Amino acid sequence: MSEVKLSAETRTEFGKGAARRIRRDNKVPGVLYGHGSDPLHLTLPGHDLLLALRTPNVLISLDIDGKSSELAIPKAVQRDAIKGFLEHVDLLLVKRGEKVTVEVPVHTEGELAPGGNLLEHVLNALPVEAEATHIPESVTVSVEGLEAGASVLAKDITLPNGTTLAVEEDAVVLQVLAAQAEETEGEESEAADEAVAEA
């Protein structure tokens, strides 16, 4: 997994006005918490943080005020609903060797059996427990040849070494739905004609 280094500054101003000023400077207000320590309010570089967050469960190495270094993973990200810029980020403090529970995106590969069936992602992300510095970016599942009615359970997914499920083994992750048979317009009009004739 990738580790991204970011410089952060502690902040002492709070409230909407302070947050707006921070964002005007292309920075993002955030909070770092965990391990029973008091929450630490930070200002983070907006562009660098945006790039880092493109990787799910990215490990962020924070250089705080040039004095201390901490490891963190993103826990909650607030974006502007319209423009999409970052408004605030919550970071969870982690230590090397520590196990954390995260949700890992589920990717699929391969083609379903012929017949126009649909693949439903019951879980878009799989809850797993992994060492903080070795969180998998994603898991890939083959759906090659699966037919309607087939499902992939959490226990069917191969996880990287050191990663374990944090969800019931029998939880359905993916399922294949039968293609919906659509009535053609001709059939619908015939049915309507029959209904009229019967009346």
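Look a little higher up for the structure.
Residues numbered from 1 in each chain as written. Predicted model: local features only at pLDDT ≥ 70, side-chain atom pairs only at ≥ 80, totals over all residues. Heavy atoms only, no water.

*Asks:* Account for the pairing of strand β13 (residues 172-177), with residues named and values stated.
*Replies:* Alignment of strand β8 (residues 118-121) against β13, held across four bridges, turns out to be antiparallel. Its bridge partner being in β13, Leu118 is matched across the sheet by Leu177. Note that strand β11 (residues 151-153) and β13 share three bridges and pair antiparallel. Considered in β13, the bridge of Val152 is made with Leu174. (Pairing = 2+ DSSP bridges. Helix = DSSP H or I, 4+ residues; strand = E, 2+ residues; numbered from the N terminus.)

*Asks:* Report on the sheet that holds strand β3 (residues 37-45), specifying residues and quantitative values.
*Replies:* If you walk around this closed barrel you meet the six strands as β1-β3-β2-β6-β5-β4, and the pairing is mixed. In this sheet, adjacent strand axes meet at a mean angle of 45 degrees when their direction is disregarded. Looking at chain direction, strand β1 (residues 3-10) and β3 are connected through two bridges and run antiparallel. Across the sheet, the residue bridging to Glu9 is Thr43, located in β3. The sheet strands contacting helix α1 (residues 16-24) are β2 (27-34), β3 and β6 (86-94), and the helix crosses β2 at an angle near 120 degrees. (Axes fitted to C-alpha atoms, helices over the stretch in contact; angles between N-to-C directions. Contact = heavy atoms within 4.5 Å.)

Fair warning: the whole summary comes from geometry, so function is off the table for now.
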